[in-house]
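# Summary of the model geometry
Chain by chain, the residues run as shown.
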Amino acid sequence: MPIEISPIGHINTPYKEKFAIPRQPGLVTAAMGQIIFAQGFNSADFIRGIEQFSHLWLVFQFHQTANKSTSPLVRPPRLGGNEKVGVFASRSTHRPNNIGISAVKFEEVILVNSQTRIVVSGMDLLDNTPIIDIKPYIPYSDSIPHAEAGYGQTKPQETLAVIFSQNAREQLAIYQQQHPRLDTLIEQILSQDPRPAYHKTKTTDRLYGVALYDLNIQWRVLQNTCVVEQISRLQD
Ligand code: SAH
């Protein structure tokens, strides 16, 4: 029988497109997000006691891939994008029911226009992702130190050093007034080398761009160093 689910809210994050979002939570700790509750869920009672927990599980919908068909086999990026595994042996976004889970850091509860919001960090979620549920992270049960995870055992290695051109540094000084820690956010994201696997083997000075907040961040990769060339406002 189909199950009907209504989101309890959505999350605002700096990530305006899927490109360059980290592939799991906790990799880009400088990314801050706000959970905004839907009508009916914005009473402070729903989150009473939540400050006791340093981390929360977010259960959400991969809304941007929700209408795509799914297949039993997927190609995890950790396997270079060529080898296939079963979708239930993966954390792929293309899965039946399109449900994702992420353990994120709880930062604080804030009040905006007399509505309660939860600030979290380190999430791997697109802006406006629908949130289905929130649960406290319980270390004694959720953390399994000696668990084995095959192809996903270790954190992806940071492969790129990130530097800012003179031009980008000047732009950063302006935009950082509105977005504190923008420099760290950009460094953490780009050091993961978000280029598609098949670009990484080629040497090209191609200019890449990614939308973060209302900004377009443009960079090149030159000899394992990522050079941020330009930071500008996105055109509407
Ligand atoms: N931690 C989650 C997500 C892993 S996949 C889980 O294991 O279930 C993470 C990727 O999902 C990100 O790199 C981004 O490309 C993609 N993503 C994030 N939010 C999304 C959304 N709302 N819709 C579709 N894809 C999304």
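Report on the accompanying structure.

Reading around the circumference, β1-β2-β7-β6-β3-β8 is the order of the 6 strands in this closed barrel, with antiparallel pairing throughout. Pairwise comparison of adjacent strand axes, ignoring direction, gives a mean angle of 45 degrees for this sheet. Pairing geometry for strand β6 (residues 99-112) and strand β7 (residues 115-121), over 7 bridges, is antiparallel. Residue pairing across strands places Val-109 opposite Ile-118, the latter belonging to β7.

The subject of this paragraph is the sheet that holds strand β11 (residues 215-222). If you walk across this open sheet you meet the 4 strands as β9-β12-β11-β10, and the pairing is mixed. A strand with exactly one partner marks an edge of an open sheet, and here the two such strands are β9 (161-164) and β10 (208-212). This sheet shows a mean twist of 30 degrees between the axes of neighbouring strands, independent of strand direction. Its contacts with the sheet place helix α2 (residues 166-175) against β9, β11 and β12 (225-233), and it is angled at close to 50 degrees to β12. Strands in contact with helix α3 (residues 182-191) are β9, β10, β11 and β12; relative to β9, the strand with the most contacts, it is inclined by about 140 degrees.

So, about the environment of Asp-133. Within the secondary structure, Asp-133 sits in strand β8 (residues 129-136). By relative accessible area, Asp-133 is classed as partly exposed at 30%. Taking the C-alpha atoms as reference, Asp-133 lies 8.7 Å from Gly-9; in sequence the two are 124 residues apart. Dropping the residues within four chain positions of it, Asp-133 is found in contact with Ile-8, Trp-57, Leu-58 and Val-59.

Turning our attention to the pairing of strand β1 (residues 9-12). On β1, burial follows the alternation: Gly-9 and Ile-11 on one face are buried, whereas His-10 and Asn-12 on the facing-out side are not. Sheet topology places β1 next to strand β2 (residues 32-37); 4 bridges connect them, and they run antiparallel. When the bridges of β2 are listed, Gly-9 appears paired with Phe-37. For β1 and β8, the ladder comprises 3 bridges, and the chain directions are antiparallel. Counterpart to Gly-9 in the pairing with β8 is Ile-131.

Calculation criteria
- Position numbers for residues start from 1 in each chain and track the written sequence from start to end.
- Local features in a predicted model are, by the rule used here, given only for residues with pLDDT of at least 70; side-chain atom pairs are given and counted only at 80 or more, and totals for whole chains, interfaces and linings are based on all residues.
- Excluding hydrogens and water, the side-chain values take into account all heavy atoms of the structure.
- For two strands to pair, DSSP has to find at least two bridges joining them.
- Under the DSSP-based scheme used, a helix requires at least four consecutive residues in state H or I and a strand at least two consecutive residues in state E, with every element numbered from the N terminus.
- Interaxial angle, 0 to 180 degrees, is taken between N-to-C directions of lines fitted to C-alpha atoms, where a helix line uses only the stretch in contact.
- Throughout, a residue-residue contact means that at least one pair of heavy atoms, one from each residue, lies within 4.5 Å.
- When a residue's accessible area, from a 1.4 Å probe over protein chains only, is under 20% of the maximum for its type it is buried; when over 50% it is exposed; and in between it is partly exposed.

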